[in-house]
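Reading the structure
Now for the letters of each chain:
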Amino acid sequence: MKRKTALIFFLLGVVGVVVLFRETDFGVIDWDENVWGLMPVWLPAILLIWAVIYFLHILSYRTILGEDKNRVSILFLIKLTLTGFALNEVTPVGLIGGEPYRIMELKPHIGVNKAVSTTLTFSVMHVFSHMLFLFTGTILYFILGCDGGVAGTVLVALTAVWLAFVIFMILMSGRHRVVYSTVHLLSKIPKLGKIFANLLEKNGETIRDIDSSMMEFHTRKKDFRNTTLLEFAARVLEASEFFFLLRIFGADVNFFESYVAVACASFLGNLLFLIPMQVGSREFGMALALGWAGVDPSFGVTASLLARIRGRIYISVGVALLLFKSKKRNTETKKD
């Protein structure tokens, strides 16, 4: 994406935040006592929650590495994880910053082919857990009886069907080249198919690599299951962060309502993926979903904005780690 285009979408997000602020009544929140007064409590707490989340991602990466996990140190994986996510966060259209970086860093340790397959597999499993998280969020929407109106309920139902299809396709990727076949099928659609045809022409080899990586990883059933559990647990902890913030600020909300709110915010953020750092979209998603649960939207906007403080801290750490050069292990790298 060109820099001017990214700037336009970023500014649109900023405008969205301004409008959201003007339309939100923050008077129901005691900022002096609950927000700023308890900052020494909630900020270290959510930083700790995310330290656990990143640790789960590290364990997931080690699981995917399989026999090669002993060729890279935990300290190296900490840097790989924090910096990779930081680069993805600050660039529009996720995965265009962190994934090439991870491949480049892993290549001297395990070889280029293994670095590519491991990174692609981690990305797919990361997305897979996200789809599971969003899908369970749509199910909870109906179980809790959230009042999203006719339009909101229909949208959630359609989203649930689409997510179920994506989850099924990823599960089937162990037997078939699902990604390539799906993109190839979409390329046959009149007019719209040109987009997918160009995608195949420019990234056909990468798409085949993704399919090959997933087919190989599916044969390691225990690793596939453990990675899924680790990544999904990380998603659940993300919901725990907002549940903690909402409760400490005085919102009458339970964990499952927080879960639905985070799923909604995440879904909208991914729909508006062109906006760097999901500026505005996440706050709107939190406010919308909490409104469905009968909770004042101001709590969602506040919690989302304050969570960005935690996000900026970890992004700063991740970018700072770029200054430290990783040491290559004294082991012979496999030739690809």
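Residues numbered from 1 in each chain as written. Predicted model: local features only at pLDDT ≥ 70, side-chain atom pairs only at ≥ 80, totals over all residues. Heavy atoms only, no water.

Notes on the overall build of the protein chain
The line we're drawing: Only runs of H or I of at least four residues qualify as helices and only runs of E of at least two qualify as strands under DSSP, and these elements are numbered from the N terminus. Exposed residues in this analysis have more than 50% of their type's maximum accessible area, buried residues have under 20%, and partly exposed residues fall in between, with area computed by a 1.4 Å probe over protein chains only. Residue contacts are defined here by distance: any two heavy atoms, one from each residue, within 4.5 Å place the two residues in contact.
Helix and strand counts for the protein chain stand at 13 helices and zero strands. What you see in the protein chain, going N to C, is helices and strands ordered as α-α-α-α-α-α-α-α-α-α-α-α-α. Per-residue burial for the protein chain yields a buried fraction of 47% across its 336 residues. Within the protein chain, contacts between residues separated by at least 24 positions form 73% of all contacts whose residues are at least 6 apart in sequence.

Examining the confidence of the model for the protein chain
Condition: Note: pLDDT gives the predictor's confidence per residue, expressed from 0 to 100.
Summarising the model, the protein chain shows a mean pLDDT of 79, and 79% of its residues fall at 70 or more. Mean pLDDT across the elements of the protein chain bottoms out in helix α1 (residues 3-23) (49) and peaks in helix α3 (residues 39-65) (93).

A word on the state of the cysteines
For clarity, the threshold we go by: By convention in this document, the label disulfide applies to cysteine sulfur atom pairs within 2.5 Å.
Taken as a whole and assessed by the stated rule, the structure comprises zero disulfides. The thiol of Cys146 is unpaired, and the distance to the nearest cysteine sulfur, on Cys264, comes to 9.8 Å. Given the relative accessible area of 10%, Cys146 is considered buried. Judged by its relative accessible area of 12%, Cys264 is buried.

Section: the packing of aromatic side chains
As a reminder of what qualifies: Any two of the Phe, Tyr and Trp rings considered here, Trp counted by its six-membered ring, make a pair once their centres fall within 6.5 Å; the pair's planes then place it as stacked at under 30 degrees, edge-to-face at over 60, or tilted in between. Any Lys NZ or Arg CZ found within 6 Å of a ring centre and within 35 degrees of that ring's normal is scored as a charge over the ring.
Taken as a whole, this structure holds 13 aromatic pairs when the rule is applied. Centre to centre, the rings of Tyr141 and Phe142 are 5.1 Å apart; their planes meet at 85°, and the pair counts as edge-to-face. Exposure remark for Phe142: the relative accessible area of 41% places this residue in the partly exposed category. A network of ring pairs unites the aromatic residues Trp50, Tyr54, Tyr61, Phe85, Phe122 and Tyr314 as a single cluster. Here the guanidinium or amino end of Arg102 rests over the ring plane of Phe85, the centre of that ring lying 4.7 Å away.

As for the pattern of salt bridges
Convention followed: The term salt bridge refers to a side-chain nitrogen of Lys or Arg lying within 4 Å of a carboxyl oxygen of Asp or Glu.
A complete count under the given rule lists eight salt bridges for this structure. Among the salt bridges present, the one from Asp68 reaches Lys114, with a minimum N-O distance of 4.0 Å. Of this pair, Asp68 sits in the loop between α3 and α4 (74-90) while Lys114 sits in helix α6 (residues 112-144), and the two are 46 residues apart along the sequence. A salt bridge links Arg220 to Asp223, with the shortest nitrogen-to-oxygen separation between them at 2.9 Å. One continuous salt-bridge network, built from bridges that share partners, spans Asp68, Arg71 and Lys114.

Quick notes on the packing of α4 against helix α13 (residues 297-320)
The line we're drawing: Lines are fitted to the C-alpha atoms to define the axes, a helix being fitted only along its stretch in contact, and any angle between axes, read from their N-to-C directions, falls within 0 to 180 degrees. Left-handed describes a crossing in which the near helix is turned anticlockwise from the far one by less than a right angle; the clockwise case is right-handed. Classes in brief: Ala, Val, Leu, Ile, Met, Phe, Trp, Tyr, Cys and Pro nonpolar; Asp, Glu, Lys and Arg charged; the others, Gly included, polar.
Running from N to C, α4 and α13 cross one another at 115°; their axes reach a closest spacing of 8 Å. α4 and α13 meet at a crossing whose hand is left-handed. In contact with Leu82, Thr83, Ala86, Glu89 and Val90 of α4, α13 contributes Arg312, Tyr314, Ile315, Val317, Gly318 and Val319. In terms of residue class, the contact of α4 with α13 is built from seven nonpolar, two polar and two charged.

Quick notes on a nonpolar patch on the surface
The condition that has to hold: Patch membership needs two things, relative accessible area over 30% and no salt bridge, and members are linked within 9 Å if like-charged or within 5 Å if nonpolar (Val, Leu, Ile, Met, Phe, Trp, Tyr). Areas reported as accessible are Shrake-Rupley estimates using a 1.4 Å probe. Residue values count occlusion only from the protein chains shown.
Together, Val150, Val154 and Leu158 line one region of the surface with nonpolar side chains, adding up to about 310 Å² of accessible area. Relative to the elements of secondary structure, Val150 occurs in helix α7 (residues 149-172). With a relative accessible area of 69%, Val150 lands in the exposed category.

Examining α4
For an α-helix, the turn length of 3.6 residues means that residues three or four places apart are oriented alike. Spelled out, the test is: The span one expects for a helix is its residue count, reduced by one, times 1.5 Å.
The first and last C-alpha atoms of α4 sit 24 Å apart over 17 residues, in line with the 24 Å expected at 1.5 Å per residue. Counting buried positions over the 17 residues of α4 gives 12, a clear majority of the element. Those residues of α4 that fall on the buried side of the exposure criterion are Phe76, Leu77, Lys79, Leu80, Thr81, Leu82, Thr83, Gly84, Phe85, Ala86, Leu87 and Asn88. Residues of α4 that are buried make contact with α3, α5 (98-110), α6 and α13.

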